Amino acid sequence: VSLFVLMQLAPEELGRDRERILQEGIWTGWEWKTLVPVSTNAFGGIFVGQVTKYAGGVKKGFCVVFGILITSVLQKAVYGREISMLTWTAMPLVIGS
């Protein structure tokens, strides 16, 4: 599905910035700091794939639930933010899936 969506959206997205890309190159505006979130996301995806492969989807699901809980508790403790309604809605949905 992702490949299909990419094939549908790529021409439209490239069409918007086509002239700029042709003149300045595709990496215009990138700095070394840009690689930090890109690399983190890439390694995170690989890590999740390995966890799912070796531990299984059920254990991964428990990790997701505990990750949401820990993040919520830390947000409350560090920033004083209340747990949002979206988070309260997401937790039972993740547990049930």
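Look above for the structure.
Residues numbered from 1 in each chain as written. Predicted model: local features only at pLDDT ≥ 70, side-chain atom pairs only at ≥ 80, totals over all residues. Heavy atoms only, no water.

**Comments concerning the packing of helix α4 (residues 57-79) against helix α5 (residues 85-96)**
Argument step 1. Remark: α4 packs on α5, axes separated minimally by 9 Å, with the N-to-C direction vectors making an angle of 165 degrees. Accordingly, the angle class assigned to the pair α4 and α5 is roughly antiparallel. Viewed along their axes, α4 and α5 form a crossing whose handedness is left-handed. Contacts from G61, V64, V65, I68, L69 and S72 of α4 reach α5 at T87, M91, V94 and I95.
Argument step 2. Here the contact of α4 with α5 is composed, by residue class, of seven nonpolar, three polar and no charged. (Axes fitted to C-alpha atoms, helices over the stretch in contact; angles between N-to-C directions. Helix = DSSP H or I, 4+ residues; strand = E, 2+ residues; numbered from the N terminus. Parallel < 35°, antiparallel > 145°, perpendicular 65-115°, else oblique. Left-handed = near helix turned anticlockwise from the far one by under 90°. Contact = heavy atoms within 4.5 Å. Nonpolar A, V, L, I, M, F, W, Y, C, P; charged D, E, K, R; others polar.)

**So, the environment of T34**
Argument step 1. Relative to the helices and strands, T34 is located in the loop between α2 (18-24) and α3 (35-55).
Argument step 2. Residue T34 is classed as partly exposed on the basis of its relative accessible area, which comes to 25%. (Buried < 20%, exposed > 50% of the residue type's maximum accessible area, 1.4 Å probe, protein only.)

So far we have only geometry, and geometry alone does not tell us how the molecule works.
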